[in-house]
Structures are given as structure tokens and as C-alpha cells.
Amino acid sequence: MIPKEVIEEIVARTDIVQLISGYVTLKRAGSNMVGLCPFHSERSPSFTVFQGTNSFYCFGCSAAGDAISFVRRIENLDYPDAVEFLAKRVGITVIDTDVHETRSRFDRKRMLEMNREAAHFFHDELFKDNPEAAMAREYLLGKRALARATVNHFGLGYAPNTFDTLTKRLRSLGYTDDELVAAALARRSEKTGNLYDYFRGRVMFPIIDVTGNVIAFGGRVLDDTKPKYLNTSDTPVFKKTRNLFALNFARGECAERLILCEGYMDVIAMHAAGFPQAVATLGTAITQDQARIMSRYTKRVVISYDMDEAGRHAADKAMKLLEEVGVEVTLLRLPSLPGVKDPDEYIRAAGADAFRKVLDGSQSKFDYTLDKILSKYALNDPQEKIRALAELREAIAGFPSSAEREVYIGVVADKFSIPAKSVREDVERALARNRRTYKKKEGETLRQSITGYQDRINPEFSKTPGIARNEETVLGLLLLDPTYRAALHRDPPVLTEDDFLTAFSRRVFCAVRDKIGDGEWEISALNEDFTPEEIGRIFGMRNRRMQLTENGDKLFSDCVAALKEAVAKEKITASDDPMAALEQVLKNKRSDTKGEE
Ligand SMILES: [Zn+2]
């Protein structure tokens, strides 16, 4: 366990605005700061940072918490690692007092060390004096024309085509079979139970996170074996949907733009040619998480995908996800050159300067859409022309800026030789319809959050919403004001865990009573026992009570009384008298539907 004083010190020394500014662009709004939420996709900011209480709250998705829960969420770290992350920032050394408590973290560290050993092993294998290694070198240094320095920079390697060479090596370093399997470096044969290496006969690309840890690998075959690429499956230290290849190098170079490529080799070729802003997803289409991660580092992304059917489809998806997080997207269009299919070949044929010009002149989303739609329809046919116009109208309505829409309306009017006015009317109708759909969706989300429908954090909430709301009111007041908390330590206490019906509220109550002292930011003490999502819920309880401090005393005593009454009723219901039980059920129903707030 990390001593409480150390946590307090770390949280007190962390400037939450400065911390969050590293990930989110914040603007002042009154006494608080607001920005676009890094945990859900939105266009207008509902993510609020309260400097006074060192906390954050998103009015859109209810993400909330302190510096520690922010880091847990955004860096995908468990509790001890998040504490260490913040400790490093403010220059405090954390010494853990209990090894058993941090077993999972110990495993994480070992897994990262084991991955690093594996990366060294693959790299050494690449330069061994044997025919297999020579073939791998020929692929990287010959066929792909990489410099030796590039191979070293990316830590590329080779996994020999043997049964268990890596497994034996890692065992000799003291790693257990279970650890090897958990890290997805080896698999267990179903027939014999023996371990065998997961990557065999492949050129290896280590995947490194932004803090420099080797978290996974991608492996490419040298012949036509399928699959061509094999990637580490998700492990305790790796989620493929939340990482990007080469972001560790690109992160410091991409203020102007990031280049999103399809594969590892494209990325490596670009870096080698002087474009260290290139990254790639890890063998899957881009995800929301990846789009959000990119938006933390840059405001502009150039998509460099093959423009075949599959590539266009992937580009459409990437464009949509990136725009949702406020990133401007353009598409790379390679000038046609004989024998040139991808950026790697283009750079080799035309040179880095020519490629830079291509990057600068990459195609806007509108031009790309216009091209795509125009190529789909035969415009000399009136019916087809109308369909093309309908698609363009929808596309233009999708642009959030009215100035931009106006420009595109002009372009389309020219192109089709029709008055701009009629295009504009069509676009406006589409806009109005989109707004209605959006409102409807938003209302639905809000309704679900209010009624507790699909409540994963407190699944019992919807069973007795009236009582559960009272519980949250009481907890909110307890979190907000130390005088209420003091009342829990009186003899007899004003409230005990037995007064709570839902298990989640009960758990929060015990933590509040036992862990929080009388300081404002001590809510940080809850990080140890709750997930970041649960912390969000707990902060929400507190924040909802902030406006109600004036009649707080009455509210508190009313809710406490209501809880005690509800528990008493519950006891009768559970007793043996069937008549009393029935009566109670009916009464409960009535009081639930009243709604206490
Ligand atoms: Zn949010």
C-alpha cells in the first residue's frame, strides 16, 4: 500500500489544470476551465476542470475525478502506476510498503521487462550468421532499402523459424510459462501442453508506447504464408485499439500534422525519409480511442491509405472518427508515376522534397468527397445528376462551419450549373433534419442516465430508484461537507452501512466514512478502492449537491430519515408474515414512484 501521506502530497503538488492541459486544450469559463472531453466524442466543450477543488467533471459523459483518476483513464494505467506517473511529474519517490498489494503492478513491470528481453532477442537474431537471418536482412536492407540506422532506430528484428528458441531464452531468464503465455509471446499446445513461440519465421516490429515501454510486437512473414502480418493479441500491458505504431517517435514532431499510414513499413519509410510524423494503427481499422489519442497531439491528420476500394472505405471511417474529435483531415494523393503504388515507392522514386509537396497539397475532405461522388454517377443522365446532388447536399450539411458550407455550395452550383440559392435551400433542409436527429439521440442518452436504465456502476439503482437517489444525495452531502462526515463518528453514528440498500452505495459509504478525513481534496483517497468509472459516479454525486448547500442540513436529515425508513420496510418485507410483506411491497412501490428529489 502506498502511504496516505504520500498520495496527499502528490495530489496537493499536482496542478490539475496544467496536468490536463497536456491532453486537452482548455479555455477559461468563469472560474473554471473547459475543453473538449477526452473520454467521449463531442464538438462543444462539456469537460470542465475545477481548479479550486482539483477535480474535473464532464457534463456529457459523467467522467469525473481527481488527478489520479484522470491519469488512470487517459493513460490506461492501474492505480499504483498512475500514482507513480504523477509522482514522477512532481518529483516524489514512491516507496511501496506492501509487495502483495501491488502484485498486479509487479506483473505488469515484469511483463514489460520480458517484452524488452524479447525485443533484444529478435534484434540479435536478425544479425546472426545463418541463412534465415540473411534472408530477413535481405528483406529489410535490400528489398525495402532500409538503412542499418533505421533498423536500429525502430529496433527491428527477426523471430527464427524454430519451435521454442525464444521460450527457452525467456525461461532461462527466470520467466514462468504462465507469464510467457500471458504476454502472448508463447502459446501452449492443446495436445501436448508444451509451449511454443508465437512468432516464428517473421520480421519483427516492436510496438513501443509513448513512455518507451515495449508493449507488443508485429511480425511479417518473408514468403507468402498467411497471415502476412501477425500482431500480439491484447495482454495486460497492451490494447491494440488504444495504441499507434511509432507514436513514441511522432509525438514530439507532430504539432503541425500527423500522417496516418496503413502499415508498419510505410511508417518506417516515411520516418527514414525525414517524416517522423507518421504513425499506423496495429493491424485493425482505426478506433475511436485512437482518433482521440491523435487529437491530443495534433489538430491535423493526413491520411495516407491505398486508394483502392478497401482503402477508401478505411479512409472514410478514419475521416469520420477524426472529425468527431475535432481534427482536420486531408487525404494524401500520390501523383501517378510508373511503378509507384505507395508513399515508400514514391519517396524512393521522386525524393523527399517532392513528397513534402504532395503532403502540403493533400486533398481536403470536400474535394475527396466531390471526386468520389462525381466518379460514381453519369452526370449527363438527369436522374443520376439528381442523385449526385442529393449526396453532395448531405455531405455539405455534414460540415460544422457555415463559411465552409457556403464555399462548397458555390463549388457545387458551378459544377452543376444551377443557382447557388437552390443548393443552399437543399443543404439547409438537410441541416435541420440532422439537428432533429441529433436532439433525439441526445435526449435518449440523457433519459438513460437519469432513469438509471443500463446502469452498470450501480445495477441495483433501477430496482428502487427513489431510495437509490436518496442514497446518492446523502453520499453527495457527505463528500461535500466534513461536518456531515463528522456526524458518522458520533456515538451512536447518525448513519451506518446498514442504512443503505444498494451494494454500490454501501461500498461508497464505507469508503467515505473510513478513508476521507476533513480536507477538500481527500476524495483522492478513494482511487485505491474504485475504478475510474466508479470515481466518476462518486464525483457526480458530490457535484450535484454543490448548488444545494443552503438547505443542506434539512436535505441531509430528511434523506437519512427516508433511508432508515426504507431499510425498516425492507426488513418487514423479508420477514415471515406474508400479509405484512405484501402490504410493504405495495407501499414501497408507491414511495418509489413519488421520486424523492
Ligand atoms: Zn465526456
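The present account deals with the structure reproduced in this document. Given the structure is predicted, the values throughout are model-derived calculations rather than measurements.

1. A word on the packing of helix H20 (residues 465-480) against helix H23 (residues 532-545)
Moving on, step 1. Contact pair H20 / H23: the axes reach a minimum separation of 8 Å and the direction vectors enclose 80°. Taken as axis vectors, H20 and H23 run roughly perpendicular relative to one another. In contact with Glu472, Thr473, Leu475, Gly476, Leu477, Leu479 and Leu480 of H20, H23 contributes Arg537, Ile538, Met541, Arg542, Arg544 and Arg545.
Moving on, step 2. Its residues assigned to classes, the contact of H20 with H23 shows six nonpolar, two polar and five charged.

2. Structural notes on the coordination of the zinc ion
In ideal tetrahedral geometry, four donors around a metal make angles of 109.5 degrees, whereas ideal octahedral geometry with six donors gives angles of 90 or 180 degrees.
Moving on, step 1. Only Cys37 (SG), His40 (ND1), Cys58 (SG) and Cys61 (SG) from the protein coordinate the zinc ion, and they sit 2.1 to 2.3 Å from it.
Moving on, step 2. Taken together, the four donor atoms coordinating the zinc ion and their angles of 103 to 119° define a geometry best described as tetrahedral.
Moving on, step 3. Site description for the zinc ion: donor spacing in sequence, C-x2-H-x17-C-x2-C.

3. Overview of the environment of Tyr305
Moving on, step 1. One can find Tyr305 in the loop between strand S14 (300-304) and helix H13 (309-324).
Moving on, step 2. Of the residues examined, Tyr305 reaches a relative accessible area of 9% and is grouped as buried.
Moving on, step 3. Along the chain, Tyr305 and Asp266 lie 39 residues apart, while their C-alpha atoms are 9.7 Å from each other.

4. Remarks on the pattern of salt bridges
Moving on, step 1. By the definition in use, this model includes 31 salt bridges.
Moving on, step 2. Two residues, Asp164 and Lys168, come together in a salt bridge whose shortest N-O distance is 3.4 Å.
Moving on, step 3. On the basis of relative accessibility, which here comes to 16%, the residue Asp164 falls in the buried class.
Moving on, step 4. A salt bridge links Arg433 to Glu394; the shortest N-O distance between them is 2.8 Å. Of this pair, Arg433 sits in helix H19 (residues 420-451) while Glu394 sits in helix H17 (residues 382-397), and the two are 39 residues apart along the sequence.
Moving on, step 5. Of the residues examined, Arg433 reaches a relative accessible area of 36% and is grouped as partly exposed.
Moving on, step 6. Residue classification places Glu394 among the partly exposed residues on the basis of a relative accessible area of 32%.
Moving on, step 7. Each of Arg144, Asp344 and Arg348 takes part in one network of salt bridges that share partners.

Criteria and cut-off values
Residues numbered from 1 in each chain as written. Predicted model: local features only at pLDDT ≥ 70, side-chain atom pairs only at ≥ 80, totals over all residues. Heavy atoms only, no water. Axes fitted to C-alpha atoms, helices over the stretch in contact; angles between N-to-C directions. Helix = DSSP H or I, 4+ residues; strand = E, 2+ residues; numbered from the N terminus. Parallel < 35°, antiparallel > 145°, perpendicular 65-115°, else oblique. Contact = heavy atoms within 4.5 Å. Nonpolar A, V, L, I, M, F, W, Y, C, P; charged D, E, K, R; others polar. Donors = N, O, S within 2.8 Å, 3.2 Å for Na, K, Ca; no water. Tetrahedral: all angles 85-135°; square planar, octahedral: opposite > 155°, others 65-115°. Buried < 20%, exposed > 50% of the residue type's maximum accessible area, 1.4 Å probe, protein only. Salt bridge = Lys/Arg side-chain N within 4 Å of Asp/Glu carboxyl O.

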